[in-house]
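Structural description and commentary
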Amino acid sequence: MKKITAIMMATVLAFGMTACGAAGGSGAAGGSGDTIKIGVFEPSTGDSASGGKKEILGMQYANTETPTVEVGGKTYKIELVMADNGSSADKAPSAASELVGKDVSLVLGSYGSGVSMAGGPKFEEAGLAAIGVTCTNPNVTAGNDYYFRICFLDNFQADVLANFAMDKFSAKKAYCLGENGNEYDQGLVAFFKQVFEAAGGEVIADSFPTNNSDFTSYLNKAKSEGADVIFTPVSIAYAKQIMEQANSLNIDIPFLGSDTLDDNMVLEATKGTNLKLYVSTFYQEGGSEAFDKGIKDYINSDSNAMTANGGNDTISAVTAMGYDAYYVALEAIKAAGSGDKAAIKAAIPNVKYDGVSGSIAFDAVGDAVRDTAYIKTADTASGTWAFEKVQTGSGNK
Amino acid sequence: MKQKKKSFSAVIGISVLLLFVILLENISALIPGLPQVFQPTSPLFTVLKKAAVYSLVAVSMNLLNGFTGLFSLGQAGFMLLGAYTYAILMVPADQKEQVYYLFGGCAFDSSLMDVLGKLFGTSGAGGAVSMILSCLIALILAGCVAGVFAYLIGIPVLRLKSDYLAIATLGFAEILRAIFQWQKLGKVTNGANMIKGFPTFSSFNITNSSGQIVLRLSTFVPFLIVSLCIVLIVLLINSSYGRAFKSVRDDEVAAEAMGINLFRHKMLSFVISSFFAGVGGALFAMYVANAQAKAFTSVMTYEILLIVVIGGIGSVSGSVLATFLYVACSEWWLRFLDSEQYIGGFKVPLLRNGFRMVIFSIVIMVIVLFFSQGIMGSNEINIGALLNRFKKKERKQ
Amino acid sequence: MEYVISVLLSGISVGGQYALIAIGYTLVYGILRLINFAHGDVFMVAGLMGIYFTATLPISVSLPLVIILTVLLGFTIERAAYKPLREAPRMSVMISAIGVSYLLQNTATYVTGGQPMTYPDIPFLSSTVNVAGTHTKWVVIITPFLVLVLVFALTQLINHTKVGMAMRAVSKDFETSMLMGIRIDRVISATFVIGSALAAIGSILFFTNYPAITPTAGAMPGLKAFVAAVFGGIGSIPGAVIGAFLIGICETIIKGLPSSWDVSVFSDAFTFALLIIILVFKPQGLFGEAATDKV
C-alpha cells in the first residue's frame, strides 16, 4: 500500500514538473511579443542578501523610471525576472538556469563574485550575456566571453586604498583583516599587501574563521602592533560587528574599507562614536541630484523597498550601480535592435553609457574601463557619508 | 534463479533510464518546436544533473547511516576532499596562471589531462580519449583520497558511540575546511579562491569540427557514473559484507558474538561510504564548474541527511527518489513562493523572498515527525514486481 | 601587558556566554541523551526577539518578555518535535533537532529579510569601562559573575528541590524513574524551560557585546557550547562552565597569537580538535561519570 502511495506521489510530482515547465515555457519568449525580459541574478537569501537586495532596488527603481524601451520603431515593455542565487555556489547554477529557462534576453548581477563564477558557465552555455554589477573578482570575466561587468576590480580597489592610506595618513604599517575562505576578502588583502609593501610599507595580515563574532582580540592586536591603518574588506555583518567592537575598545586608528562597507548598516554602527572609517566606493551621494531625489522618494514610498534598504533612505553605492546596470542593459538592447540574446551579446562590448557612477565602457576582457574610485568617510556625528576625495590608483600617478 | 531475474530486470531498468536521459537531452534537436522545458537550457537538466550528483552522496550516506548504523555527519568534508582532488588534478597547465593568480601559479605545473594528452594527442579522437580517461582516473583518485582520509579519521573516531561519532565527524569536516581555506597552502588549494577551468559535464558534449554540438551527453554522463557507483553500492549491500553491516546496525553485541569483527566492518563501511562521497564531491565540482571550500559546510551535510531521512533510512531507491524530489522542489518547483504571485488579481499574502525555505523546512519537519519511515521505509523499488503487478491488472481487466 | 589583559578579558567574556548556552546542552543531554542542535538557534531567536521588542517596548518590559517567550519556544519545541519521538531511535530525535534548527534559521531569514540586525544598547551593560588601560564594555566584566551566580542557583535547584531530584533520577535511569512514579514529561519540560531561560539570558549578554545578528549567529556559539559541555563531562553543570571558560580563553589566545604565524584561522578548528581528543582519550570529560554499558 505504502509503495503504491509513494509511486503515485512520484507520478503526480512528475506531472507537476512538466506542467510547471510548460507553463514557464509558454510565456513570451525574449524578443518576441512586446515584452523584453531582463534577468536579475542576485542573492536575496544567505550571507550577501543585504547587498543583493540593495542592488535589486536600483534596478527596480530604474525599471519604474523607464519601464519601456523603443527598438526599431516599436515600444517594448521591460520585465525584470528575479532569481535568488542564495549567496551560495551550489544554488547559483540552478538559479542561473531558471533565468535561462525563462528566456530572458540578458542578465544583470550578481552581488558577490563566487556566485557569478558559479552561474557564469550556465549563461555561457545558453549564449546569454550577463552584466556583472558589483562582482569585483578578476576571474568573473576572465575566461568567460559572456560575462561583462560595470564595476572596477579587486586589484584596482586595493591599489586605490593602499595609495589613499599612504597619501592621507602617511601610513607605514597596515593591519589587514579578512574572512578565511572568502575570495573577496582575501583577494583584496593580497593585492593591498602587494601595493603597500612595494611602496615600502609593512603589512600584518590576519584572517578570522567564518561566523566569528569576537573581533576584540584582532583589534587589540592591531593596536598593540602599532598599526597606522586597519584595512577590513569584509562583508556587511562582520563589518558592523567590527565597528561596534572597535567603538567599545576605543580604537582611534583609522579604518579602511572596500565597497562592501559602503552600507547604511555599517554607517549606523559608527554613528555617535569616535571611529574613523574611510571606504572606497562606486558612487557618492550627491553625484547626481536627480537620481538621489528619485531613489529616496522611491524608497520612502514603498515599505518593501524601505525594508530592503535596511530601514532608512541612505543610498548605497550598489543601488546606484544596479541603476546604471539597468540603463547599460537598455543601451545594449537598443544597440542590438532587438531582444535577441545573441545580438545583445554582440552589441555589449561597444556600449558606452554615462551613468550616475561615472562613464561606462568595456575593455577587451569585458571589464569596465574605470580609473577612479570615490573615497568617502563616515560622518559619525550625523550618521551620513561625507565625500573625502576622488582617488586614482598608482598607475595613474 | 529469482535473484538472477531480479538483477536482470535491474540492468534493463537502468539501461532504459540511461537511454531515456540521452533521448530527453537531445529531443529538442530532433523535434523542433517543443516547449521550453525540453530545450537543453531548461532548468530541468540543471536539476537532473544536481540530483544525480546528490543521489550518489545520499546513497553513500545511507550506506553508513542506514545500513551500518553509524551516525556520521562528515559527508561534506569528504566531498570537499574529492572536489579538490579532482580540481587540482584537472586544471590544464595553460589555465593555472590565471586560476592561481594570487599565488603566482600552482605548485604542480602539469595536470592529468596534459600528461595523458601527450600520450593520446590533444585534439580530435585522441583528445577525447585523454579527456575521458583523465576524468575517470581523477574521479577514482578523488574517491581514494577521501577514502584514505576516512581511514585515518576512522581509527580514533569509530570507537565512539552514536551521537559522539556524529559530532566528531562534523568537527573533522570543519577542520578540513579551515585547512583548505588557509592562504599558506594557496599554491595547492588556491586558498580562498575557487579553482576553476577544469573539464565539467558540458565538456562531454560531442561537437563537430566547427564547434556545434552534435550530441549532448552532459546530463547522461553524471547519470552513467552515478548509476555505476550506486550499482556497486547495492552489490556491496547484498553481499555477505552488506549482511554483516546490517547485523552491526541491528545489534552490535549479537553481531560480535557471531564472530563479526565490529571495528573492521565499521571501518570498511566508513571508508567505502567516504570513497563514494569523494567521487560525489568531484562530480559536484563538475556540476558547479568550480571547487571552493566555502560551499562544503555542515549545512550541506544536514541537507543530505534530510534527503536520506525523507527517502527512508535503509532504502537505496528511497534515497535516490527523495534526492530528485528534494532538488526539484527546492531549486525549481517551489521557486514561485519566493516572489509575489497574483491569483486572479488577488495578491497571495506572505509570499516574498525566503518563504520557499520556510515552507520547505515545515514540510521536512512534518515528514520527520509523522512519516518517520520516509517515502520508502526500508523497502526498495522492485521493477520486476512492478511489472508483474501491472500484468495482473491487465489480466483482470 | 595591556594586550595580554585585553585578550584574557575577552576570553573570559566569550567563555561566560558559552557557559550559559552549554548548561542548556548539558542538562538536555544528561536527561534525554539528545544533542539539541536547535539550542543555538533558540539563542539566536532570543536575540532577534530582543531587537523587535525593544523597538516598541521599554527595556524593563521587553527583556523579561524575551526570557518568557524564549522559555515558551523551548517548551514548544520539546513538546512538538521531541516528545512524539520518545520511543523512536535516538537518531530520529537528533534528525528532528536538525530539522528544527533548519526551520528556525529559515524563518529568521524570512522575517529579517536576510539583513544583519542590530541589537539595541542596553543601559549600563553597553557602556564602556576602563580596566587596567584597556577599554571594554561593562557586560564583559559582569558576565562571569552573573554566570557564577546562576550556576550556584542552578546547583541549589538540582541538589535541593524535588524537581532537581527528579532530574537527577531521570538522567541516571530513564525507565526506572518512570516506574518510580516520576512524571518524565514534566521533568523534561522543566529541563527545557531552564535551558531556554539561560539561553535567553545568554543572548542578552552575548548580543550586547557582539550586536550584529544574522540567522546563522546561533550555530557557531551553539556548537562550541556543546564542545564545552562534552569537555566538562556531559551532565555536569560545573564541568560545562569550566569547559566553556577554558574554550573561550583558548580561542581568544589563538586569535591573539602573532599574525606572522597565521594560525588565528584555526581557532574554530582548535575547538573541534580538542573535542575529538577529549572524546577519544577521556570520553567522560573532566567531571563526568564513567558510563558503563549494560548488555
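Thoughts on the overall build of chain C
Helix and strand counts for chain C come out as 11 helices and 4 strands. In terms of C-alpha radius of gyration, chain C reaches 19 Å, essentially the compact-globule figure of 19 Å for 295 residues. Each principal axis of the C-alpha distribution contributes one length, and for chain C these read about 60 × 50 × 35 Å. Looking at chain C as a whole, 56% of its 295 residues qualify as buried. Taking all contacts inside chain C whose residues are at least 6 apart in sequence as the whole, residues at least 24 apart take part in 75%.

Considerations on the sheet that holds strand E8 (residues 202-208) of chain A
Residues and elements named next belong to chain A. If you trace the 7 strands from one edge of the open sheet to the other, you get E8-E7-E9-E10-E11-E14-E15, paired in mixed fashion. Both outer strands of the open sheet, E8 and strand E15 (384-392), are each paired with one neighbouring strand and no more. Taken pair by pair, the neighbouring strands of this sheet meet at an average axis angle of 25 degrees, ignoring direction. In this sheet, E15 lies alongside strand E14 (residues 372-379) in antiparallel orientation, the contact comprising 8 bridges.

Brief notes about the environment of B:Met300
Looking at the element boundaries, B:Met300 is found in helix H13 (residues 298-311). B:Met300 sits 221 residues away from B:Met79 along the chain, and the two C-alpha atoms are 9.9 Å apart.

Description of the packing of helix H10 (residues 237-256) of chain C against helix H11 (residues 267-281) of chain C
All names here are of chain C. For the pair H10 and H11, interaxial distance at closest approach is 9 Å and the crossing angle is 140 degrees. In terms of axis orientation, H10 runs oblique to H11. Relative to H11, H10 is oriented so that their crossing is right-handed. Where H10 abuts H11, its residues Ile-247, Cys-250, Glu-251, Ile-254 and Lys-255 lie against Ser-267, Phe-270 and Thr-271. Of the residues contributing to the contact of H10 with H11, the split by class is 4 nonpolar, 2 polar and 2 charged.

Some details on the sheet that holds strand E1 (residues 35-42) of chain A
Backbone-to-backbone hydrogen bonds pair the strands of a sheet. The strands run either parallel or antiparallel. All names here are of chain A. The mixed open sheet is built from 6 strands, whose spatial order is E2-E3-E1-E4-E5-E6. Both edges of this open sheet fall to strand E2 (68-71) and strand E6 (147-149), since each of them pairs with a single strand only. The average undirected angle you get between the axes of adjacent strands in this sheet is 30 degrees. In the sheet, E2 pairs with strand E3 (residues 74-84) via 4 bridges, with the strands oriented antiparallel. Among the inter-strand pairings, Thr-68 is bridged to a residue of E3, identified as Lys-77.

Observations regarding the interface of chain B and chain C
Interfaces are often sized by the amount of accessible area the parts lose when they come together. Counting residues at the interface gives 33 residues for chain B, matched by 34 residues for chain C. Broken down by secondary-structure element, the contributors of at least two residues to the side of chain B that touches chain C are helix H6 (124-157), helix H7 (162-181), H13 and helix H15 (355-370) of chain B. In terms of residue count, H7(B) provides more of the side of chain B that touches chain C than any other element does, 10 residues in total. Classifying every residue of the side of chain B that touches chain C by side-chain character gives 24 nonpolar, 6 polar and 3 charged.

Quick notes on the interface of chain B and chain A
On the chain A side, the residues contacting the 48 residues of chain B number 47 residues. Listing elements by their share of the side of chain B that touches chain A, those giving two or more residues are helix H2 (43-67), H7, helix H12 (262-288) and helix H14 (316-331) of chain B. Looking at the side of chain B that touches chain A, the element that brings in the most residues is H2(B), giving 5 residues. In the side of chain B that touches chain A, the residues fall into 23 nonpolar, 19 polar and 6 charged.

A closer look at the nonpolar core
Within soluble globular proteins, side chains that are nonpolar tend to cluster in buried spots. Counting 352 residues, the largest nonpolar core has A:Leu106, A:Leu108, A:Ile131, A:Phe192, A:Ala329, B:Ala87 and C:Ala22 as the members making the most contacts within it. When we break this core down by domain, the ones giving at least three residues each are domain 1 (29-152 + 290-366) and domain 2 (154-281 + 373-396) of chain A. If sequence neighbours within four positions are ignored, A:Phe192 has contacts with A:Ala158, A:Leu161, A:Ala162, A:Cys176 and A:Phe231.

Brief notes about the pairing of strand E2 (residues 128-131) of chain C
Residue and element names in this part refer to chain C. Across 4 bridges, E2 lies against strand E3 (residues 134-137) in antiparallel orientation. Counterpart to Thr-128 in the pairing with E3 is Lys-137. Linking two consecutive strands that pair antiparallel, namely E2 and E3, is a turn of 2 residues; a positive phi of about 45 degrees is found at Ala-132 within it.

Some details on the packing of helix H2 (residues 39-56) of chain C against helix H4 (residues 90-112) of chain C
The axes of two packed helices give the description: the angle between them and the distance between them. Residues and elements named next belong to chain C. Where H2 contacts H4, the two axes come as close as 9 Å, and the packing angle between them is 25 degrees. Considered as vectors, H2 and H4 are oriented roughly parallel to each other. Judged by the sense of rotation from one axis to the other, the crossing of H2 with H4 is left-handed. Touching Asp-41, Met-44, Val-45 and Leu-48 of H2 are Ser-101, Leu-104, Gln-105, Ala-108 and Thr-112, all from H4.

Concerning the domain arrangement of chain A
Residues and elements named next belong to chain A. What the domain assignment lists for chain A is domain 1 (29-152 + 290-366) and domain 2 (154-281 + 373-396). Here domain 1 and domain 2 have C-alpha centroids that lie 28 Å from each other. Taken together, the contact pairs 16 residues of domain 1 with 18 residues of domain 2. Secondary-structure elements contributing two or more residues to the side of domain 1 that touches domain 2 are helix H2 (49-65) and helix H4 (113-126). Looking at the side of domain 1 that touches domain 2 residue by residue, the class counts come to 3 nonpolar, 12 polar and 1 charged.

Thresholds, definitions, all that
- Residues numbered from 1 in each chain as written.
- Chains lettered and ligands numbered in written order.
- Predicted model: local features only at pLDDT ≥ 70, side-chain atom pairs only at ≥ 80, totals over all residues.
- Helix = DSSP H or I, 4+ residues; strand = E, 2+ residues; numbered from the N terminus.
- Rg over C-alpha atoms; globule rule 2.2 N^0.38 Å.
- Buried ≥ 20, exposed ≤ 12 C-beta atoms within 10 Å, placed from the backbone.
- Contact = placed C-beta atoms within 7 Å.
- Pairing = 2+ DSSP bridges.
- Axes fitted to C-alpha atoms, helices over the stretch in contact; angles between N-to-C directions.
- Parallel < 35°, antiparallel > 145°, perpendicular 65-115°, else oblique.
- Left-handed = near helix turned anticlockwise from the far one by under 90°.
- Nonpolar A, V, L, I, M, F, W, Y, C, P; charged D, E, K, R; others polar.
- Core = buried A, V, L, I, M, F, W, Y, C linked by C-beta atoms within 7 Å.
- Domains from an automatic or database assignment.

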